[in-house]
Amino acid sequence: GNSVTQMEGPVTLSEEAFLTINCTYTATGYPSLFWYVQYPGEGLQLLLKATKADDKGSNKGFEATYRKETTSFHLEKGSVQVSDSAVYFCALSDRGQGGSEKLVFGKGTKLTVNP
Amino acid sequence: DTGVSQNPRHKITKRGQNVTFRCDPISEHNRLYWYRQTLGQGPEFLTYFQNEAQLEKSRLLSDRFSAERPKGSFSTLEIQRTEQGDSAMYLCASSLTQGTYEQYFGPGTRLTVT
């Protein structure tokens, strides 16, 4: 079945450091790809998405490019802030029964940014 | 747009008891999903509704679990004869029928079975 593998955490960085969180996927067809973020005590929020190969999703300084040839969707940010401390989840859409577009998630990567 | 809401936010129950959770999706969203998230893991799909019809159920959804979405608005998830292994965060998400299928998540209901 479809699956997502993302780098193990936790990741600890200093403010203004460069961030990369790796994500690779296994899927039949061409799923949409997503990064969700979960801040402490809050629900999952969509951070960015890409719906086809070579698309770049971006939001709040974060970027990720849909790479079909390497089946990857790595998350990057050039300069992290303390407020970026959260758990980040990579996910893909998996078409199922009845038109379902359920999400398949990776295990999450906890990021802590120190001042 | 008030977002997806879930009630209760926390539930502690004893093994063997029944529990019911409620999800109110974003009002114009036709699609509704339930997921379960255990500690240190990503959310796992449980079931999917389009309007009032339950169209997909995961193998994770044992016979003790039942979900409904009467009238295609709010949804309930009931767990009968709870077990300690049911302890998890139960997440609800909704989305539009057409478009990029972005899912909007509620804050979740944390279930603890003692």
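Residues numbered from 1 in each chain as written. Chains lettered and ligands numbered in written order. Predicted model: local features only at pLDDT ≥ 70, side-chain atom pairs only at ≥ 80, totals over all residues. Heavy atoms only, no water.

Draft legend 1. Looking closely at the layout of surface pockets. The computed volume of the largest pocket comes to approximately 650 Å³. Considering the residues around the largest pocket, the lining is formed by 32 residues, among which Gln38 and Val87 of chain A together with Gln37, Leu39 and Arg110 of chain B are closest to the centre. Mapped by element, the contributors of at least two residues to the lining of the largest pocket are β10 (86-95) and β12 (109-114) of chain A together with β9 (88-95) of chain B. No other element matches β12 of chain A, which puts four residues into the lining of the largest pocket. Taken together, the residues of the lining of the largest pocket sort by class into 11 nonpolar, 15 polar and six charged. Taken as a whole, the second largest pocket encloses approximately 290 Å³ of empty space. (1 Å grid on protein atoms, 1.4 Å probe; cavity = no way out; pocket = protein on both sides within 12 Å on 5 of 7 lines; lining within 4 Å. Points joined across faces, edges and corners; volume = space filled by probe spheres on them. Helix = DSSP H or I, 4+ residues; strand = E, 2+ residues; numbered from the N terminus. Nonpolar A, V, L, I, M, F, W, Y, C, P; charged D, E, K, R; others polar.)

Draft legend 2. Quick look at the sheet that holds strand β1 (residues 5-7) of chain B. All names here are of chain B. Taking strand neighbours across the sheet as the criterion, the four strands line up as β1-β3-β8-β7 in an open arrangement whose pairing is antiparallel. Each edge of the open sheet is held by one strand with a lone partner, namely β1 and β7 (65-68). Across the sheet, the axes of successive neighbouring strands diverge by a mean angle of 15 degrees, strand direction being ignored. Pairing geometry for β1 and strand β3 (residues 19-24), over three bridges, is antiparallel. Bridge pairing in β3 links Ser5 to Asp24. (Pairing = 2+ DSSP bridges. Axes fitted to C-alpha atoms, helices over the stretch in contact; angles between N-to-C directions.)

Draft legend 3. Region of interest: the pattern of salt bridges. For the coordinates displayed, the defined rule picks out nine salt bridges over all chains. The partner of Glu63 of chain A in a salt bridge is Lys56 of chain A, and the shortest N-O contact between them spans 3.7 Å. Put simply, Arg22 of chain B and Asp24 of chain B hold a salt bridge, and the shortest N to O gap is 2.7 Å. Look at Arg22 of chain B and you get partly exposed, because its relative accessible area is 35%. Through salt bridges with shared partners, one network takes in Arg64, Glu83 and Asp86 of chain B. (Salt bridge = Lys/Arg side-chain N within 4 Å of Asp/Glu carboxyl O. Buried < 20%, exposed > 50% of the residue type's maximum accessible area, 1.4 Å probe, protein only.)

Draft legend 4. Spotlight on the interface of chain B and chain A. Listed by partner, the interface residues are 22 residues for chain B and 21 residues for chain A. Taken together, the two surfaces of chain B and chain A that pack against each other cover about 1700 Å², and 53% of this comes from carbon and sulfur. Three residues, Glu56, Glu102 and Phe105 of chain B, lead the burial of chain B against chain A; their summed loss comes to 26% of the area buried on that side. Contributing elements (two or more residues each) for the side of chain B that touches chain A: β4 (31-37), β5 (44-50) and β6 (53-57) of chain B. Sort the elements by how many residues they give to the side of chain B that touches chain A and β4 of chain B lands first, with four residues. Among the residues making up the side of chain B that touches chain A, the classes are represented as 10 nonpolar, eight polar and four charged. (Contact = heavy atoms within 4.5 Å. Buried area = accessible area lost by both parts, 1.4 Å probe.)

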